[in-house]
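# Architecture and fold: a report
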Amino acid sequence: ILDVDEEGCAACHRLGLTVDQLELADRVRYVEQPNGTRSLGIMLPIVNEPECSNAACHAHPASQLVLGVLDAQLSLASVDERMAASGRQMVLGMVVTVAAVLALALFLTWAMVLQPVRRLTHAEAGVTAGDLSIRVPETSSDEIGQMIVAWNSMVEKLANAQEELQAWGGKLERRVEDKTQELQTAQQRMVFVEKMASLGKLAAVVAHEINNPLAGITTYARLLQKRLPDDEQCADETEDTGRILQMIETEASRCGDIVRNLLLFSRAPGAGFSEEHLGPILERCVMLVRHKAELQEIKLSAEVPEDVPPIICDPAQTAQMVLALVMNAIEATEAGGYVRLSVRRKDDGDGVVLEVADDGRGIPPENLNQIFEPFFSTKEQIYGAGLGLAVVYGIVTRHHGRIDVDSTPGIGTTFTIRLPASQPPATEEVVEDLPEITS
């Protein structure tokens with residue numbers, strides 16, 4: 001504490017002011033210490049207050065305003081240290097903040113720009129390779145998000161267009177296959193018709209050559225019947241001989257009918273259709289081949305329900321058709337097997353269904369599509385010329401029916417013939433579809 005009268009205040013004397021008139025900035029000063037630290041100096045005036053100057057113990061007059069100055073110095077070492085630490089913390093914080101901002105900027109750039117662009121690049125490579133199912137996830141609504149939406153829409157349209165092209169390609173391929181099948185079917189029909197025409201020409205020649213011997217056989221059989229004696233002692237023998245001659249005449253006449261029926265492959269004969277029950281026809285056919293079946297130890301049967309309606313057909317051709325199928329079945333069946341004929345009403349009631357089934361060796365699959373062709377035969381040449389099933393097919397077609405084959409090698413064969421109840425008016429013949437053949 002300095003006395004103003006003795007030393008005064010250097011600052012007050014320099015400025016010509018009293019201590020209480022100094023500004024606060026002039027009262028505070030920083031002092032550099034020899035050790036490099038700083039100190040804070042503060043001057044505080046001691047004012048002669050009225051309560052003090054009027055007291056009896058006070059020695060200074062009331063006119064003296066300032067009694068002295070209180071000059072205090074405070075060390076700023078700890079303050080400077082804290083300020084330095086704060087400065088370092090602020091710099092570190094700024095560095096961390098800048099690093100965080102940069103990292104955030106890099107992450108946002110990667111997440112919002114680089115990653116979507118990379119996905120688009122990957123999708124573009126996949127689409128270029130032909131994979132149109134690739135879609136880019138839509139993660140934002142900014143410009144890149146809009147670009148992704150446009151990309152997905154474009155790829156979707158490309159995929160739809162490709163599917164349409166593939167569908168059209170498949171449809172075109174199927175149409176080509178259908179047309180090819182139609183052409184092949186038409187070609188088969190043309191070949192079949194050509195073979196039928198050739199067979200018809202051959203049949204016309206054969207019919208004229210064979211009819212004369214058959215007519216002679218029939219005539220001589222009748223002559224022998226007339227020459228049989230009327231002796232009662234030989235009545236049984238005479239009756240048996242007459243029955244044999246009658247059978248010869250009947251079979252010779254039937255052979256003549258069969259030969260004449262070959263002409264049907266080249267021209268349609270006059271109408272021979274009449275209302276017939278298939279029962280009697282099947283019974284006559286079974287009677288003719290029963291002996292052959294018995295010799296081969298084959299069970300031959302015919303099933304004709306009473307409710308089967310009559311149909312309009314040519315009885316001679318129908319019998320020829322049934323005999324051809326039965327003979328083929330017997331020849332394909334081993335001893336102990338069976339050949340079964342059956343007739344039933346069609347499901348729609350319009351006609352009948354005739355089946356000839358056996359448990360023989362069956363037909364090889366590679367031969368199924370050729371069995372109705374003329375001169376095709378799996379038998380040895382001495383046993384068949386390959387005309388039986390061709391004749392059967394011609395008869396079925398002429399009756400406006402349909403014949404199907406179901407055959408499994410080693411199990412048996414079933415021929416199914418569907419004949420209508422009536423025949424349409426006579427018109428130009430139309431080549432029917434080839435029969436359905438299954439195995």
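Residues numbered from 1 in each chain as written. Predicted model: local features only at pLDDT ≥ 70, side-chain atom pairs only at ≥ 80, totals over all residues. Heavy atoms only, no water.

Glancing now at the packing of helix α7 (residues 278-295) against helix α8 (residues 315-332). Contact geometry for α7 and α8: axes closest at 10 Å, N-to-C directions at 35°. Note on packing geometry: the crossing formed by α7 with α8 is right-handed. Within the contact between the two elements, α7 uses Leu278, Ile281, Leu282, Cys285, Leu288, Val289, Lys292 and Ala293 and α8 uses Pro315, Thr318, Ala319, Val322, Leu323, Val326, Met327, Ile330 and Glu331. Residues that form the contact of α7 with α8 fall into these classes: 14 nonpolar, 1 polar and 2 charged. (Axes fitted to C-alpha atoms, helices over the stretch in contact; angles between N-to-C directions. Helix = DSSP H or I, 4+ residues; strand = E, 2+ residues; numbered from the N terminus. Left-handed = near helix turned anticlockwise from the far one by under 90°. Contact = heavy atoms within 4.5 Å. Nonpolar A, V, L, I, M, F, W, Y, C, P; charged D, E, K, R; others polar.)

Moving on to the nonpolar core. In globular proteins that are soluble, nonpolar side chains generally tend to be buried together. If you look at the biggest cluster of nonpolar residues, it comprises 42 residues, and the most contacted ones within it are Met321 and Phe415. Of all the secondary structure elements, the ones that give two or more residues to this core are α7, β7 (311-313), α8, β8 (338-345), β9 (352-358), α9 (388-398), β10 (402-408) and β11 (412-419). The biggest single contributor to this core is α8, with 9 residues. Apart from residues no more than four positions distant in its own chain, Phe415 is found in contact with Leu325, Leu354, Glu355, Val356, Ile363, Ile371, Phe372, Leu389, Ile403, Asp404 and Val405. (Core = buried A, V, L, I, M, F, W, Y, C linked by side-chain atoms within 4.5 Å. Buried < 20%, exposed > 50% of the residue type's maximum accessible area, 1.4 Å probe, protein only.)

This paragraph deals with helix α4 (residues 77-128). Given a rise of 1.5 Å per residue, 52 residues ought to cover 76 Å, and the 73 Å separating the end C-alpha atoms of α4 matches this to within 8%. Residue Trp110 marks the point of greatest curvature in α4, where the axis turns by about 40°. Those residues of α4 that fall on the buried side of the exposure criterion are Gln115, Pro116, Leu120, Ala123, Gly126 and Val127. Once α4 finishes, Gly130 follows within two positions and takes phi at roughly 110°, a positive value. (Expected span 1.5 Å × (residues − 1). Bend = angle between axes of the 7 residues up to and from the residue.)

Pairing between strand β6 (residues 299-303) and β8: 5 bridges, direction parallel. Residue pairing for β8: Lys299 is matched across the bridge by Tyr338. Here 7 bridges tie β8 to β9, and the two strands are oriented antiparallel to one another. Pairing of Arg345 across the sheet is with Val352, part of β9. Between β8 and β9, which pair antiparallel in sequence order, lie 6 residues; one of them, Gly349, sits at a positive phi of approximately 80°. (Pairing = 2+ DSSP bridges.)

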